[in-house]
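Chain and residue survey
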There are 2 protein chains.
Amino acid sequence: MDLSERQLQILQAIITDYVENAEPVGSRSIAKKYDLGVSPATIRNEMSDLEEMGYLTHPHTSAGRVPSDKAYRLYVNNLMKRKNLSAKDKRLINERLASSRDEFDRTIRHAAELLSEITNLASFAMTPATNEETISFIRLMPVDERTIILMIVGESGNVTNTTLRLQVPYTQESLEILSKNMTVNYKGRTLDDALKSDIIEDVGTDIEAMSQLAGNVMPSFIRTLEDMLNVNLYMEGMTNIFNLPEYASIDRARDFMELFAQKDWFTQKMLARDDGVVVTIGEENDSLKDCTLITATYHVDGKLVGKIGVIGPTRMKYDEVTSIMEYLTNNLSETFRLTDGNTDGKDEEE
Amino acid sequence: MDLSERQLQILQAIITDYVENAEPVGSRSIAKKYDLGVSPATIRNEMSDLEEMGYLTHPHTSAGRVPSDKAYRLYVNNLMKRKNLSAKDKRLINERLASSRDEFDRTIRHAAELLSEITNLASFAMTPATNEETISFIRLMPVDERTIILMIVGESGNVTNTTLRLQVPYTQESLEILSKNMTVNYKGRTLDDALKSDIIEDVGTDIEAMSQLAGNVMPSFIRTLEDMLNVNLYMEGMTNIFNLPEYASIDRARDFMELFAQKDWFTQKMLARDDGVVVTIGEENDSLKDCTLITATYHVDGKLVGKIGVIGPTRMKYDEVTSIMEYLTNNLSETFRLTDGNTDGKDEEE
DNA sequence: AATTAGCACTCTCGCTTGCCGAGTGCTAAC
DNA sequence: GTTAGCACTCGGCAAGCGAGAGTGCTAATT
């Protein structure tokens, strides 16, 4: 029950046309625009067969055909060809990412911006998941008699800190000892691992004053670790979808926007997806049943993995979008390869 | 040309009714619901006068009246009475803010969430503007042979840091010296002030290696200062507006959402507003001409000032919203008053 | 002089009707 | 297997109509 060459051609034509115009496509217009050497009637017969096989649907009896999720899936898996980016887009990407090379989060945000600008869809980018990140050292620093800063530094230069106010006074010395103790205990362990351990126990100590200080600091330590594990999510171009005919109804648009209001939930969903370019179409998503979601991963220095993605209607230019995302993630991974030391100074140009 | 007592009553009634139902209100329904002791005909006459004075408008000949911006302004300035919050709302606010007392940004975000939950409008909250913040100390810390962390700490416990990769090797000693130099130079100066000074000159030094290191660090120092000056903006409940009849049309909704896509621009706008509770209605805003914007300020330890706000249609419950915002900002200021040391440990209950 | 009742008038909204055009599905001819 | 021809279906649009809400004016009432 494979499709014939002609059926594939027709399906391809229908998808192309529908992606372009967002309107059910009829046999006659296919026959006219894409000369397949057959009459509309023949195309009608083939379309009928394709519909029976589940590749096309009918909004109503006397309307043209619309590709189904299954059709898009077939297209993505078998029919689609890589597209070369336009020189303009390539330049745009190269320039924009280069301008903020040394500021991590900003680069990531720029990536999201680029993605939505070029594709005209909604896009997002996430900083890398840091559960594999290992702790380099922990430091406690005095601010004033009541306030100290707790700082956790990861091997790859990741830093997170909290300011905390103590109930008990502290001495410079006790801070230093506690810092050292904590560093010795946690150096080289991953954040995940550190969080799983029984933290309060880990830095138990005999000296009365010290254990009080530790008792004060540890809850914040835990929360700071958690904080360090959080990935940042940048979303861009959400309003692009208002320009698409599929979101002309306010209800659709609302559903769409509400989804993104739940950033935490969304982040979890995206983290759970496989690495590499992943396309999920329509019903393949558990929510967003009429959307397509494409994600891709970039790498930071080998270990850490971050994600970017676009969300749009199932009707989208799969070939272009995936090509752009591939180019973009390659570029990001290249930018974040830490082997060359030249990442600061030279290149600031807002 | 002051309004008569009766005209005020009628205007008040129209506003109340329209705020409730979002539909032009007619003379008959006013006469019925709010017994003013006069007939619809009389009310009609008064309405006609009110319209002439610019307090009411007519969507079309045979529709009821709708309050104008001017009417809302009059209402806010003269007619409106403070509302007492419900015990439930008070409890909600107290609990939610207490649960994250020691984590600044999270508290701010919670404030925005609360505001949108209680008012059912779109809301935002900004961390305090830090241009008045003074520098406490600056520190450079080694991570590995190529990487160091630059950290700026403000008097009120504000911390910002960047990880930077150097082109030249460094020694532990040179880092310490540079840290000290910078701290001596900048301690006690405000961020604004520090940025204005000729930073490169400020830490000029004779020793060759040192000046190389300094040259490497200073551009990042500037950017970190700038970064520290940035306020964080948290927006919540944007999708609430989809439930309002005034945004039933996709175009309106789009305009609204697009406004918030430009976070930077929006932040600037909001920072420029006066302190205290500020209400701007419809045309009084330069964009968002059919919205009302209410902002209020909270204080951190006297010096720093942050803002929260709501955005909605001009038709909103001004009395409730302003009361809630007052309560909320008072509560925030209280939370951030740094005189009592009890801010950590005791109270985490996610 | 202020208020009110009465009535004609206006405008929106929802409903129905009829028509056009696009597109199908079937049959019969090629 | 392909195509031409034709009846049929359905959405979309415009026109027409009635109901309902509300005004604005005038004349009567207090």
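Residues numbered from 1 in each chain as written. Chains lettered and ligands numbered in written order. Predicted model: local features only at pLDDT ≥ 70, side-chain atom pairs only at ≥ 80, totals over all residues. Heavy atoms only, no water.

On to the overall build of chain A. A count of helices and strands for chain A gives 13 helices and 10 strands. Over its C-alpha trace chain A gives a radius of gyration of 27 Å, far above what one expects of a compact globule, namely 20 Å for 350 residues. Based on the C-alpha atoms only, the size of chain A along its principal axes is roughly 90 × 40 × 35 Å. When each of the 350 residues of chain A is scored for burial, the buried share is 54%. Here the contacts in chain A between residues at least 6 apart in sequence split such that 61% fall between residues at least 24 apart. Carbon together with sulfur atoms contributes 46% to the accessible area of chain A, which is approximately 16,100 Å² in total. The average position of the 38 basic charges and that of the 57 acidic charges among the side chains of chain A differ by 6 Å. (Helix = DSSP H or I, 4+ residues; strand = E, 2+ residues; numbered from the N terminus. Rg over C-alpha atoms; globule rule 2.2 N^0.38 Å. Buried < 20%, exposed > 50% of the residue type's maximum accessible area, 1.4 Å probe, protein only. Contact = heavy atoms within 4.5 Å. Areas by Shrake-Rupley, 256 points an atom, 1.4 Å probe, with all protein chains shown as cover. Lys, Arg positive; Asp, Glu negative; His and termini not counted. Charge placed at Lys NZ, Arg CZ, Asp CG, Glu CD.)

All names here are of chain B. Read from one edge to the other, the open sheet built from 3 strands follows the order S4-S5-S6, with strand pairing classed as antiparallel. Either end of the sheet is taken by a strand with one partner, and the two such strands are strand S4 (135-142) and strand S6 (159-165). Neighbouring strand axes in the sheet, compared pairwise and without regard to direction, differ in orientation by 15° on average. Relative to S6, strand S5 (residues 147-154) runs antiparallel, the two sharing 7 bridges. Residue pairing in the sheet places Leu150 in a bridge with Thr162 of S6. Along the sheet, helix H7 (residues 172-186) makes contact with S4 and S5, crossing S4 at roughly 170°. Helix H10 (residues 208-229) contacts S4, S5 and S6 of the sheet and is inclined by roughly 40° relative to S5. (Pairing = 2+ DSSP bridges. Axes fitted to C-alpha atoms, helices over the stretch in contact; angles between N-to-C directions.)

Let us now look at the protein's contact with DNA strand D. The environment of DNA strand D is formed by 21 residues, the closest being Arg6, Thr42, Thr61 and Ser62 of chain A together with Ser27 of chain B. Of all DNA strand D atoms lying within 4 Å of any protein atom, the proportion belonging to sugar or phosphate reaches 75%. Between DNA strand D and Ser39 of chain A, the relevant distance is 3.1 Å, taken from a phosphate oxygen to a main-chain nitrogen or oxygen of the residue. Note that a phosphate oxygen of DNA strand D is positioned 2.8 Å from one of the side-chain N or O atoms of Ser27 of chain B. For the surface near DNA strand D, the secondary structure elements donating two or more residues are helix H3 (40-52) of chain A together with helix H3 (40-52) of chain B. Counting residues per element, the surface near DNA strand D draws most heavily on H3 of chain A, at 4 residues. Classifying every residue of the surface near DNA strand D gives 4 nonpolar, 13 polar and 4 charged. (Near = heavy atom within 4 Å. Polar contact = N/O pair within 3.5 Å; in protein donor to acceptor, adjacent residues only side chain to side chain. Nonpolar A, V, L, I, M, F, W, Y, C, P; charged D, E, K, R; others polar.)

Moving on, we come to helix H1 (residues 5-21) of chain B. All names here are of chain B. Here H1 is 17 residues long and its end C-alpha atoms lie 24 Å apart, about the 24 Å a rise of 1.5 Å per residue gives. Turning to H1, its buried residues are Gln7, Ile10, Leu11, Ala13, Ile14, Ile15, Asp17, Tyr18 and Val19. Downstream of H1 by one or two residues, Ala22 has phi in the positive range, about 60°. (Expected span 1.5 Å × (residues − 1).)

The next thing to look at is the protein's contact with DNA strand C. Near DNA strand C you find 21 residues, and of these Ser27 of chain A together with Arg6, Thr42, Thr61 and Ser62 of chain B are the closest. A share of 71% of the atoms of DNA strand C within 4 Å of the protein falls on sugar and phosphate groups. Contact distances for DNA strand C include 2.9 Å between a phosphate oxygen and a side-chain N or O atom of Arg6 of chain B. Within the contact set of DNA strand C, a base oxygen lies 3.0 Å away from a side-chain nitrogen or oxygen of Ser62 of chain B. Those elements that provide at least two residues to the surface near DNA strand C are H3 of chain A together with H3 of chain B. Element by element, the count of residues in the surface near DNA strand C is highest for H3 of chain B, at 4 residues. Partitioning the surface near DNA strand C into residue classes produces 4 nonpolar, 13 polar and 4 charged.

Another aspect to go through is the side chain of Ser27 of chain B. Residue and element names in this part refer to chain B. Here Ser27 lies in helix H2 (residues 27-33). Here Arg44 takes part through its side chain, which lies 3.3 Å from a polar atom of the side chain of Ser27. Those residues in contact with Ser27 that sit more than four places away from it in its chain are Pro40, Ile43, Arg44 and Met47.

Overall, the coordinates contain 28 salt bridges over all chains when judged by the stated rule. The closest approach of N and O atoms between Arg315 of chain B and Glu246 of chain B, which form a salt bridge, is 2.6 Å. Taken together, the residues span a long stretch of sequence, with Arg315 of chain B in the loop between strand S10 (304-313) and helix H13 (318-335) and Glu246 of chain B in the loop between strand S7 (233-236) and helix H11 (250-261) at a distance of 69 residues. Overall, Arg315 of chain B belongs to the buried group, its relative accessible area being 9%. Through salt bridges with shared partners, one network takes in Arg96, Arg109, Glu113 and Glu117 of chain A. (Salt bridge = Lys/Arg side-chain N within 4 Å of Asp/Glu carboxyl O.)

Turning our attention to the domain arrangement of chain A. By a frequent convention, interface size equals the accessible area lost on bringing the separate parts together. As assigned here, chain A comprises domain 1 (5-79), domain 2 (87-129 + 231-335) and domain 3 (135-229). Between the C-alpha centres of domain 2 of chain A and domain 3 of chain A the distance comes to 36 Å. (Domains from an automatic or database assignment.)

Membership of the largest hydrophobic core comes to 154 residues, with the highest contact counts inside it found for Phe256 and Tyr318 of chain A together with Phe256 and Tyr318 of chain B. Other than its neighbours up to four places away in sequence, Tyr318 of chain A contacts Tyr72, Tyr75, Val76, Met80, Val279, Ile281, Thr292 and Ile294 of chain A. (Core = buried A, V, L, I, M, F, W, Y, C linked by side-chain atoms within 4.5 Å.)

Moving on: unusual backbone geometry. With a phi angle near 60°, Ala22 of chain A is a residue other than glycine that sits in the positive phi range. Ala22 of chain A gets classed as buried once you look at its relative accessible area, which sits at 19%. Backbone geometry at Leu288 of chain B places phi at a positive 60°, although glycine is not the residue there. Here Leu288 of chain B falls in the buried class, since its relative accessible area comes to 15%.

This paragraph deals with the environment of Leu328 of chain A. Residues and elements named next belong to chain A. Mapped onto the elements, Leu328 comes out in helix H13 (residues 318-335). Judged by relative accessible area, which is 1%, Leu328 ranks as buried. In the structure, Leu328 is positioned 32 residues away from Ala296 in sequence and 9.2 Å away in space, judged by C-alpha atoms.

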